Amino acid sequence: METDVRLEPWSDADFWLLRRANEPAMTRHLGGPESDEKLHDRQRRYEALSAREPAAGRMFRVVLEATGESAGSIGFWEREWRGEPVYEAGWGILPEFQGRGLAVAALTRLLSYVRAHGSRDNVHAFPGTDHPASNAVCRRAGFECLGEVDFEYPPGVPHPSLDWRYRVGPPPTVTASG
């Protein structure tokens, strides 16, 4: 099946993919391309994240099972959101591979990884309200839309976004009162 993907841990050999993801078509909803200095810093952060314990988060290269081609990247990392320790997820599928359901397939695999290795109950994603494709990925992967928020990305730049949540941990406990 065309949407069969595997996730391979990010490595020092994946910088080319980071460069491809920095093209204007890929960064239109993310504040535009980053400088070479910021790209090298991002590469160091991705490698460091993937060298930590699995519950801290991971960056992965999205690989097509059928051909072995690299189609993009996906990852999750720890953050605090509204006073709660959560994971944030982010992804990017290269233009020539978009529209095939690969982002949903990769996100589904990522959520399985988080269920198996994570220590936080919720994964959030914050696509811009102006990014219908990423919002559709969240919906198709089973995330719940919690509404619109001003999310800073890049840091210091508020961007109207939707807050999507996926519960990987146990449901919240409900206590009876009275």
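Bear in mind that the values here come from a model prediction, so they are computed numbers and not experimental data. (Residues numbered from 1 in each chain as written. Predicted model: local features only at pLDDT ≥ 70, side-chain atom pairs only at ≥ 80, totals over all residues. Heavy atoms only, no water.)

Focus: the overall build of the protein
For the protein, the helix and strand inventory stands at five helices and seven strands. When the helices and strands of the protein are listed from N to C terminus, the series reads β-α-α-α-β-β-β-α-β-α-β-β. By the burial criterion, 43% of the 178 residues in the protein qualify as buried. Restricting to contacts in the protein with at least 6 residues of sequence separation, those with at least 24 account for 60%. With an accessible surface of roughly 9,500 Å², the protein has 51% of that area assigned to carbon and sulfur atoms. (Helix = DSSP H or I, 4+ residues; strand = E, 2+ residues; numbered from the N terminus. Buried < 20%, exposed > 50% of the residue type's maximum accessible area, 1.4 Å probe, protein only. Contact = heavy atoms within 4.5 Å. Areas by Shrake-Rupley, 256 points an atom, 1.4 Å probe, with all protein chains shown as cover.)

Overview of the pattern of salt bridges
Evaluated as defined, the whole model comprises 12 salt bridges. D41 is the partner of R45 in a salt bridge, and the nearest nitrogen-oxygen pair spans 2.7 Å. Remark: D41 and R45 occur in helix α3 (residues 36-51); sequence separation between them is four residues, near one turn of the helix. For D41, a relative accessible area of 33% translates into the label partly exposed. By sharing partners, the salt bridges in this structure join R6, E8, D14, R61 and E65 into a single network. (Salt bridge = Lys/Arg side-chain N within 4 Å of Asp/Glu carboxyl O.)

Side note on the environment of W10
Along the polypeptide, W10 turns up in the loop between β1 (5-9) and α1 (15-21). Judged by relative accessible area, W10 falls into the buried class, the value being 5%. Residues W10 and Q43, spaced 33 residues apart in sequence, show a C-alpha to C-alpha distance of 9.0 Å. Once residues lying within four places of it in the same chain are set aside, the contact partners of W10 are L17, L18, Q43, Y46, E47, S50, M59, F60, R61 and S73. Among the polar contacts listed, one links the side chain of W10 to the side chain of Q43, at a separation of 2.9 Å. (Polar contact = N/O pair within 3.5 Å; in protein donor to acceptor, adjacent residues only side chain to side chain.)

So, unusual backbone geometry
The phi dihedral of R82 is positive, around 55 degrees, even though this residue is not glycine. Here R82 lies in the loop between β3 (70-81) and β4 (84-93). Accessibility expressed as a relative area gives 65% for R82, which makes it exposed.

Section: the packing of aromatic side chains
In the structure shown here, the tally under the stated rule is eight aromatic pairs. Note on F60 and Y113: the rings are 5.2 Å apart at their centroids and 75 degrees apart in plane angle, and the pair reads as edge-to-face. Remark: Y113 occurs in helix α4 (residues 102-117) and F60 occurs in strand β2 (residues 57-64); sequence separation between them is 53 residues. Residue classification places Y113 among the buried positions, given a relative accessible area of 19%. (Phe/Tyr/Trp six-rings, centres within 6.5 Å; stacked < 30°, edge-to-face > 60°.)

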